[in-house]
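As a plain string of letters, each chain reads:
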Amino acid sequence: MMLKIDNLHATVAEKPILNGVSLAVPAGEVHAIMGPNGSGKSTLAYVLAGRPGYEVSEGSVRFEARDLLAMEPHERAAAGLFLGFQYPVEIPGVSMLQFLRESLNAQRRARGEDELSGAEFIRLAREQATALGMDVEMLKRSVNVGFSGGEKKRSEMVQMGIMGPRFAVLDETDSGLDIDALRTVGAGINRIMRAPDKAVLLITHYQRLLDYVKPDKVHVLSRGKIVRSGGPELAHELELEGYAEAAA
Amino acid sequence: MSAPFPTRKQEQWRYADLEALQPIWEQLAEPESIAVLPGQSVEQVWVPGTDEVQVRRVQLVLGEGAKARIFALNTAAHYGRIELGVTLADDADFELFGANIGGGSSNLEIVTNVRHDGQRGRSRQTVRSVLGGKAVGTYLGKVEVARDAQKTDAEQSVKALLLDRGAMANCKPELEIFADDVKCAHGASVGELDADQLFYAMSRALDPATARALLLEGFVMGLWDDAPAGEPIRDLARAALRAIA
C-alpha cells in the first residue's frame, strides 16, 4: 500500500476536525475525496503535508514503509509527497525559477541524486510550463505574485511536473479554473501522475474535475470521517443527490 | 578642529554604541564630503568590510539637477553605522537603498538627514532590516523641506523583520516641512517571517533554514537590483542572511 491512513484524529486550535479517518491508496490509483465545506478535506491534506498547527491526536499514517507523521514537512516532500495547495502562497521577491530550482535540488540532494545544472533545470521548467499552457515568462516573476486564481493552480501543476512526486495530494486544484484550464490541468495530472508507481489523492468539491481525471475510488468525507466509499459512479450519485443524502 | 563627541541625548545618536565609537571618533568627527556638480550623477555601492566596528559618515551635496544613488549594506559584527546627510538643490534627485543585516548582539544603524533646499527635488529612501539573536537595527531618517522647496517629492519606506524574540528594530521616519506644495510619503513596518510562506517553501522540500534564507532574500535582495557591479553587495548580503536564517 502506498499510503495507509488509520483512524486519524486531528485538531486545529484544539477543535477536533478529523474524527477517525481510515483510507488506503495503493500505487497506480487515483482516489477522490469529496465532501461538503467544513467536512475536513483541507485539514486532511494539511495533516498529510505536516502543516504546523494541525495536531494529530490519534491514529497513524504510513507512506510506503515510513511513518509519515514522524517526518518534517520538507522530509515528506523529499520522500516524494506533493501537496497542491488550494490557495497557493505568494512569495514576493523570490522568482518562481529560483524557488523551484532550489526546491528540486533540495529534493535531489535528500535522495542522494546529483543536482540539475542551470541549463538542465531551465529545459525541464520550460517543458513543464509549456505542457500546462503556462507562459514560460511567468516563471521569471515572483512566486505566485500577481497570478490570477487559475494561473496559481496551473503554477501548482507546473511545480508538480518539475518535482515529479510519487504521491500527490491535490486540494481543490479545480477551484478557480475555467473549463479550458480544467481540461489542461486534468490532462496534466494524468500525464504527471498516472503511472504504476504513483498515486493521487484528489480532494474536490465537484464532479467536474473527475470527468478529466477518472478516479479508481471515491470517498465521501463528512464531519471528519469517511462515510461512504465506492467506484467512480459514486461521484455521479453525489452530483445528483447532494452530500446530505450520501452522508445519511 | 574636531566636533564634540556625541551624546545619546542627540536624537541622531540615540541608539548608537558610543563606547564602540569612542576609540575611532577622531577620524570620523568630520564626515566625508561628496559634492555632485549641477547636472552630474553619482552612483556608489557601499559594501561592508570585516571590522567589528564600522562607521561611515558622509555629507552629500547635490547641485542643480544632480543625481545620486547610494546602495549600502550594513553588517558589522559589533557596531555598524551609516550616517548620511544630503542636501538637494533645484531638481536634484537622491536615492538610497540600504539594509541592516545582523545577528548576535550587533547594533546596526542607518541614520539619514535629507534636506530639500531647492524646488522639485526628489528623494527616495528604501531601508530593510533583518535582525536575529539580540541584534538591534535602527533607521532614523529625517526629511527637511525648506520654505522655498516647492514641489518636493520625498519618500521613505522602512521595513524590518525580526527572526528571534530578543531582536529589536527602531524605525523612525521624520518629516519637517516648511513648504506647502510638496509630496512626502513614509511607511514603516516591523514583522516576522510569514508562517504560510515558510510552510509553502517547506512543502516543496526546503529545510527550515534554507526556506527562511530564501524568504529573507526575497525581502531584501531587490534593493540592489540596479546597483552597478552589484554582485559583491548581493553576495555579502546573501551570506549575511544565511548566517542568521
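Structure: above.
The sections below set out a description of the structure shown in this document. These numbers come from a predicted model, not from an experiment.

1. Some points on the overall build of chain B
Link 1 in the chain: Scanning chain B from N- to C-terminus turns up five helices and 12 strands.
Link 2 in the chain: Scaling as 2.2 N^0.38, a compact globule of 245 residues should have a C-alpha radius of gyration of about 18 Å, and chain B matches this with 18 Å.
Link 3 in the chain: Here the C-alpha coordinates of chain B stretch approximately 55 × 40 × 30 Å along the principal axes.
Link 4 in the chain: Out of the 245 residues in chain B, the part that is buried amounts to 44%.
Link 5 in the chain: Within chain B, contacts between residues separated by at least 24 positions form 80% of all contacts whose residues are at least 6 apart in sequence.

2. What to know about the nonpolar core
Link 1 in the chain: Ranked by size, the top nonpolar core spans 138 residues in total, and within it Val-200 of chain A together with Leu-62, Val-130, Leu-216 and Leu-241 of chain B carry the most contacts.
Link 2 in the chain: Of the residues forming this core, the biggest block, seven residues, is contributed by helix 4 (residues 208-220) of chain B.
Link 3 in the chain: Excluding its chain neighbours within four sequence positions, the residues that come into contact with Val-200 of chain A are Val-30, Ala-168, Leu-170, Ile-189 and Met-193 of chain A.

3. Re helix 3 (residues 195-202) of chain B
Link 1 in the chain: Among the eight residues in helix 3 of chain B, six count as buried, and that is most of the element.
Link 2 in the chain: Of all the positions in helix 3 of chain B, only Gln-197, Leu-198, Phe-199, Tyr-200, Ala-201 and Met-202 of chain B are classed as buried.
Link 3 in the chain: Of the surrounding secondary structure, the elements contacted by the buried residues of helix 3 of chain B are helix 2 (73-78) and strand 7 (91-95) of chain A together with helix 4 of chain B.

4. Observations regarding the interface of chain B and chain A
Link 1 in the chain: Counting residues at the interface gives 19 residues for chain B, matched by 19 residues for chain A.
Link 2 in the chain: Broken down by secondary-structure element, the contributors of at least two residues to the side of chain B that touches chain A are helix 3 and helix 4 of chain B.
Link 3 in the chain: When the residues that make up the side of chain B that touches chain A are grouped by side-chain class, the tally is 10 nonpolar, five polar and four charged.

5. Re the sheet that holds strand 4 (residues 54-63) of chain A
Residues and elements named next belong to chain A.
Link 1 in the chain: Spatially, the four strands line up as an open sheet ordered 2-1-4-5, and their pairing is antiparallel. Only two strands of the sheet have a single neighbouring strand rather than two, namely strand 2 (15-25) and strand 5 (66-67).
Link 2 in the chain: Here strand 1 (residues 3-12) pairs with strand 2 via eight bridges, running antiparallel. When the bridges of strand 2 are listed, Leu-8 appears paired with Val-21.

6. Considering the environment of Ser-123 of chain B
All names here are of chain B.
Link 1 in the chain: Locating Ser-123 in the fold gives a position in strand 8 (residues 122-131).
Link 2 in the chain: With 26 C-beta atoms packed within 10 Å, Ser-123 lands in the buried category.
Link 3 in the chain: For the pair Ser-123 and Leu-84, spaced 39 residues apart in sequence, the C-alpha separation works out to 13 Å.
Link 4 in the chain: Discounting residues that sit within four places of it in the chain, Ser-123 has contacts with Leu-88, Phe-94, Val-114, His-116, Val-143 and Ala-154.

7. Description of the sheet that holds strand 1 (residues 32-36) of chain B
Residue and element names in this part refer to chain B.
Link 1 in the chain: Spatially, six strands are ordered 1-3-5-7-9-11 in an open sheet, and the strand pairing comes out parallel. Where the open sheet ends on each side, the last strands, each with one partner, are strand 1 and strand 11 (168-177). Strand-to-strand twist across the sheet, computed as the mean angle between neighbouring axes with direction ignored, equals 10°.
Link 2 in the chain: Bridge count between strand 9 (residues 136-145) and strand 11: 10 bridges; the pairing is parallel.

8. As for unusual backbone geometry
Link 1 in the chain: Residues other than glycine seldom take positive phi values, yet Arg-223 of chain A does so here, at roughly 50°.
Link 2 in the chain: Of the residues examined, Arg-223 of chain A has 15 C-beta atoms within 10 Å and is grouped as partly exposed.
Link 3 in the chain: A positive phi angle is found at Lys-151 of chain B, which is not glycine, with a value near 65°.
Link 4 in the chain: Relative to the elements of secondary structure, Lys-151 of chain B occurs in the loop between strand 9 and strand 10 (153-162).
Link 5 in the chain: A tally of 16 C-beta atoms within 10 Å means that Lys-151 of chain B is categorised as partly exposed.

9. Focus on the pairing of strand 3 (residues 53-62) of chain B
All names here are of chain B.
Link 1 in the chain: Note: strand 1 against strand 3, five bridges, orientation parallel. Opposite Ile-34, over in strand 3, you have Leu-60 as the bridge partner.
Link 2 in the chain: Note: strand 3 against strand 5 (residues 79-88), 10 bridges, orientation parallel. When the sheet's bridge partners are listed, Leu-62 is paired in strand 5 with Leu-88.

10. Quick notes on the pairing of strand 4 (residues 67-74) of chain B
Residues and elements named next belong to chain B.
Link 1 in the chain: For strand 4, a buried count of six out of eight residues is recorded, marking the element as mostly surrounded by other parts of the structure.
Link 2 in the chain: Pairing analysis gives six bridges linking strand 2 (residues 41-46) to strand 4, with the strands arranged parallel. Bridge pairing in strand 4 places Trp-46 opposite Ala-72.
Link 3 in the chain: Pairing between strand 4 and strand 6 (residues 93-102): eight bridges, direction parallel. Bridged to Phe-71 within strand 6 is Phe-97.

11. A closer look at the packing of helix 4 of chain B against helix 5 (residues 231-244) of chain B
All names here are of chain B.
Link 1 in the chain: At a minimum axis distance of 9 Å, the contact between helix 4 and helix 5 shows a crossing angle of 140°. Regarding the angle of helix 4 to helix 5, the classification is oblique. In this structure, helix 4 crosses over helix 5, and the sense of that crossing is right-handed. Residues Ala-213, Leu-216, Glu-217 and Val-220 of helix 4 form the contact with helix 5, whose participating residues are Ala-237, Arg-238, Leu-241 and Arg-242.
Link 2 in the chain: Class assignment for the residues of the contact of helix 4 with helix 5 results in five nonpolar, no polar and three charged.

Cut-offs and rules
- Residues numbered from 1 in each chain as written.
- Chains lettered and ligands numbered in written order.
- Predicted model: local features only at pLDDT ≥ 70, side-chain atom pairs only at ≥ 80, totals over all residues.
- Helix = DSSP H or I, 4+ residues; strand = E, 2+ residues; numbered from the N terminus.
- Rg over C-alpha atoms; globule rule 2.2 N^0.38 Å.
- Buried ≥ 20, exposed ≤ 12 C-beta atoms within 10 Å, placed from the backbone.
- Contact = placed C-beta atoms within 7 Å.
- Core = buried A, V, L, I, M, F, W, Y, C linked by C-beta atoms within 7 Å.
- Nonpolar A, V, L, I, M, F, W, Y, C, P; charged D, E, K, R; others polar.
- Pairing = 2+ DSSP bridges.
- Axes fitted to C-alpha atoms, helices over the stretch in contact; angles between N-to-C directions.
- Parallel < 35°, antiparallel > 145°, perpendicular 65-115°, else oblique.
- Left-handed = near helix turned anticlockwise from the far one by under 90°.

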